Amino acid sequence: MANYWNREIECMSREDMKKLQDERLVAQVKHVYENVPYYKNLMDEKGVTPDDIKSTDDLHKLPFLTKADLREAYPYGLLAKPLSECTEIHSTSGTTGKRVVAFYTKNDIDLWHDCCARAIVAAGGTKDDVCQVAYGYGLFTGGAGLDGGSHKVGCLTLPMSSGNTERQIQFMMDLESTILCCTPSYAAYIGETLKEMGYTPDDIKLKAGIFGAEPWTEEMRREIEKSLGIKAYDIYGLTETSGPGVSFECSEQTGMHINEDHFIAEIIDPDTGEVLPEGSKGELVFTSITKEAFPLLRYRTRDICVLTREKCSCGRTLIKMCKPMGRSDDMLIIRGVNVFPSQIETVLIEQGYAPNYLIEVDRKNNVDTLDINVELTEEQFSDTVKDIQKKEAELVEAIKTILGINPKVHLVSPKTIARSEGKAVRVIDKRKLHD
Ligand code: DLL
């Protein structure tokens, strides 16, 4: 039985959804053009006026908005409502450059929490659940978004924030949490700690997890599901679009339904900007058609993705996006070869390693080097040196087959790679230090 938060919207016919999007887009373009000089300039430069946008068919006429625009307009330059109507602020966790600051009106908050409520209900959540929110609270959108969604659904909400893992587990057991919301890497860490504390998944009452904010592979999903005894659901979003809840996974676990009544998605060729047909791989672009304070028209996310309208067994008609395959700016180019960290993660978990690894890229004598540090589990650690060398050689072979380049693999002692309570750091690219 599929669960819906808003059946009318989630199962709306394509025709009706397009009509709704058409109306909302036309109004949004007018709102933005009239209230944000920065947008007006961008549109004027491209020779487009609100009169040119009569429906979603005209979307391609609008200019793109990029992260560089957000930086240039920082902090108030893209605000479309007076500050007196804004009630909340969130910001990216990025450590380089200027932060992205997103603003919300009361209505923006309400719609955002509604999107998160859809995700919780799709994961089987009801008012009878105890929802433990272990995303960071504060400027990061994860804690606030899922917290708001959980309140909407009427779950008993446990606002744990991230960190203090043993205490997370203690609360989880004492209060019998049934839903866990956090990053996948933190979920894996919680699973590992549960085991170390001498418990098994049977000792906790969790049934579902809502995990996102960073790329994670199918292999990682199965690992987490096993270690916590749950079904793990993906959730996607970015600060610029309000936060989590742009899209969410249903019980089919084959991609995330995009909340199309609030966001129009496009896939473009990242090099040319050309809109690509459904099913093509490219950069995900979002237009927010209901956001009041901080609307985005054709915002380039840099996330690489595929969209599909294939029928979903859950009954939802909302378009689906695949798991983002990493950001275009996360992609490493090593000796001319495109490498996504997720490709390495897949191999490691398939070969029986825990998802604790660190990729180091450097350049020596003008040649790129790729070192992969992989942590051994306690059981694997008891192997002899010869066994470990054999394992390293096997991993090198397996990774070479997938990437086409030769890495150096270092199997390291248990607990030597830092765990993550938020977004995991998987890559250190030392080449940037030389440039
Ligand atoms: O990570 C919002 C969020 C919070 C999403 C909690 C889901 C759960 P930012 O910090 O602005 O916002 O980072 C946004 O994270 O462009 C993607 O590259 C990545 N990302 C987010 N969700 C996923 C996911 C939050 N499910 C950036 N899979 C996005 C892969 C994801 N990558």
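Owing to the predicted nature of the structure, the values given are computational and were not obtained by experimental measurement. (Residues numbered from 1 in each chain as written. Predicted model: local features only at pLDDT ≥ 70, side-chain atom pairs only at ≥ 80, totals over all residues. Heavy atoms only, no water.)

Visitor: Looking at this structure, how should I read the pairing of strand β12 (residues 299–308)?
Guide: On any regular strand, side chains alternate: one points to one face of the sheet, the next to the other face. Burial runs high along β12: eight of the ten residues are buried. As defined by bridge partners, β12 adjoins strand β13 (residues 320–321) across two bridges and the pair is classed as antiparallel. Each bridged residue has a counterpart across the sheet, and for Thr308 the counterpart in β13 is Lys320. (Buried < 20%, exposed > 50% of the residue type's maximum accessible area, 1.4 Å probe, protein only. Helix = DSSP H or I, 4+ residues; strand = E, 2+ residues; numbered from the N terminus. Pairing = 2+ DSSP bridges.)

Visitor: Would you take a moment to explain the domain arrangement of the chain for this structure?
Guide: One frequently used descriptor of interface size is the decrease in accessible area upon assembly of the parts. For the chain, the assigned domains are domain 1 (1–327) and domain 2 (332–429). A separation of 30 Å is found between the C-alpha centroids of domain 1 and domain 2. Counting from both sides, the interface comprises 25 residues of domain 1 and, opposite them, 17 residues of domain 2. The junction of domain 1 with domain 2 conceals about 1600 Å² of combined surface from both sides, 55% of it contributed by carbon and sulfur atoms. At the junction of domain 1 with domain 2, the criterion picks out three salt bridges. Across the domain 1-domain 2 interface, the total number found is ten residue pairs in polar contact (both at pLDDT 80 or more). (Domains from an automatic or database assignment. Contact = heavy atoms within 4.5 Å. Buried area = accessible area lost by both parts, 1.4 Å probe. Salt bridge = Lys/Arg side-chain N within 4 Å of Asp/Glu carboxyl O. Polar contact = N/O pair within 3.5 Å; in protein donor to acceptor, adjacent residues only side chain to side chain.)

Visitor: Mind showing me how you'd approach the packing of aromatic side chains here?
Guide: In this description, a pair of aromatic rings is defined by centroid distance and the angle of the planes. Throughout the structure, instances matching the rule amount to eight aromatic pairs. Centre to centre, the rings of Phe211 and Trp216 are 5.9 Å apart; their planes meet at 75°, and the pair counts as edge-to-face. For Trp216, a relative accessible area of 5% puts it in the buried group. Each member of the aromatic cluster is reached from another via a ring pair, and the members are Tyr76, Phe103 and Phe294. Note that Arg221 overlies the ring of Trp216, its terminal NZ or CZ placed 5.7 Å from the centroid. Here the guanidinium or amino end of Lys323 rests over the ring plane of Trp216, the centre of that ring lying 3.8 Å away. (Phe/Tyr/Trp six-rings, centres within 6.5 Å; stacked < 30°, edge-to-face > 60°. Lys NZ or Arg CZ within 6 Å of the ring centre and 35° of its normal.)

Visitor: For this particular structure, what's the right way to read the pattern of salt bridges?
Guide: One pass over the structure, following the stated rule, counts 34 salt bridges. A salt bridge links Arg14 to Glu260; the nearest nitrogen and oxygen atoms lie 3.7 Å apart. Here Arg14, found in helix α2 (residues 14–35), pairs with Glu260, found in the loop between β9 (256–258) and β10 (263–268); they are 246 residues apart in sequence, far enough to count as distant. In this structure, Lys320 and Glu252 form a salt bridge, with 3.0 Å as the shortest nitrogen-oxygen distance. Here Lys320, found in strand β13, pairs with Glu252, found in the loop between β8 (243–249) and β9; they are 68 residues apart in sequence, far enough to count as distant.

Visitor: Sorry if this is basic, but what is going on with helix α3 (residues 37–46) here?
Guide: A turn of α-helix holds 3.6 residues, and therefore any two residues three or four places apart point the same way. Tyr38, Tyr39, Leu42 and Met43 are the residues of α3 that are buried. Angularly, the buried residues of α3 cover 130° about the axis, an arc narrow enough to put them on a single face. Exposed residues lying more than 90 degrees from the buried face of α3 are Pro37 and Glu45. Tucked inside the fold, the buried residues of α3 contact α2 and α4 (67–73). Looking one or two places after α3, you find Gly47, whose phi comes out positive at around 70°. (Arc of directions from axis to C-beta.)

Visitor: Looking at this structure, how should I read the site of the ligand?
Guide: As a matter of local geometry, the ligand sits amid 22 residues, with Asp234, Ile235, Thr239, Asp303 and Arg327 nearest to it. Between the ligand and Pro215, the relevant distance is 3.5 Å, taken from a nitrogen atom to a main-chain nitrogen or oxygen of the residue. Within the side chain of Thr239, a nitrogen or oxygen atom sits 2.6 Å from an oxygen atom of the ligand. Protein coverage of the free-state accessible area of the ligand, which is 610 Å², stands at 95%. Mapped by element, the contributors of at least two residues to the shell around the ligand are α6 (141–153) and β7 (231–238). In terms of residues, the shell around the ligand owes the most to one element, β7, which gives five residues. The residue makeup of the shell around the ligand, split by class, is nine nonpolar, seven polar and six charged. (Near = heavy atom within 4 Å. Areas by Shrake-Rupley, 256 points an atom, 1.4 Å probe, with all protein chains shown as cover. Nonpolar A, V, L, I, M, F, W, Y, C, P; charged D, E, K, R; others polar.)

Visitor: Just checking my understanding: could you explain the sheet that holds strand β19 (residues 427–429) for this structure?
Guide: Backbone hydrogen bonds hold the strands of a sheet together, and the pairing may be parallel or antiparallel. Strand order in the open sheet made by the four strands is β18-β17-β16-β19, with mixed pairing throughout. The open sheet is flanked by β18 (408–412) and β19, the only strands paired with a single partner. The average undirected angle you get between the axes of adjacent strands in this sheet is 20°. Taken together, the three bridges between strand β16 (residues 357–364) and β19 define a ladder with parallel strand orientation. In the strand pairing of β19, Ile359 is matched with Val427. This element, helix α10 (residues 341–350), spans β16, β17 (367–375) and β19 of the sheet and lies at about 130° to β16. Against the sheet, helix α12 (residues 385–403) engages β17 and β18, with an angle of about 140° to β18. (Axes fitted to C-alpha atoms, helices over the stretch in contact; angles between N-to-C directions.)

Visitor: How should helix α8 (residues 184–196) be read in this particular structure?
Guide: Taking 1.5 Å of rise per residue, 13 residues should cover 18 Å, and α8 covers 18 Å from first to last C-alpha, within 8% of that figure. A large share of α8 lies buried, amounting to ten of its 13 residues. Every buried residue belonging to α8 is among Pro184, Ser185, Tyr186, Ala187, Ala188, Ile190, Gly191, Glu192, Thr193 and Leu194, and all of these are buried. Buried-residue contacts for α8 involve α7 (165–174), β5 (179–182), β6 (208–212) and α9 (218–228). Gly198 sits one or two positions beyond α8 and adopts a positive phi of about 90°. (Expected span 1.5 Å × (residues − 1).)

Visitor: Help me understand the state of the cysteines, please; the structure alone is not making it clear to me.
Guide: Note on terminology: a disulfide is the covalent bond linking the sulfur atoms of two cysteines. Under the counting rule described, the total for this entry stands at zero disulfides. The thiol of Cys11 is not disulfide-bonded; the next cysteine sulfur, from Cys314, is found 6.9 Å away. Residue classification places Cys11 among the partly exposed positions, given a relative accessible area of 24%. Between Cys312, a cysteine without a disulfide, and Cys314, which holds the nearest cysteine sulfur, the sulfur-to-sulfur distance is 3.5 Å. The buried category is assigned to Cys312, whose relative accessible area is 6%. (Disulfide = S-S within 2.5 Å.)

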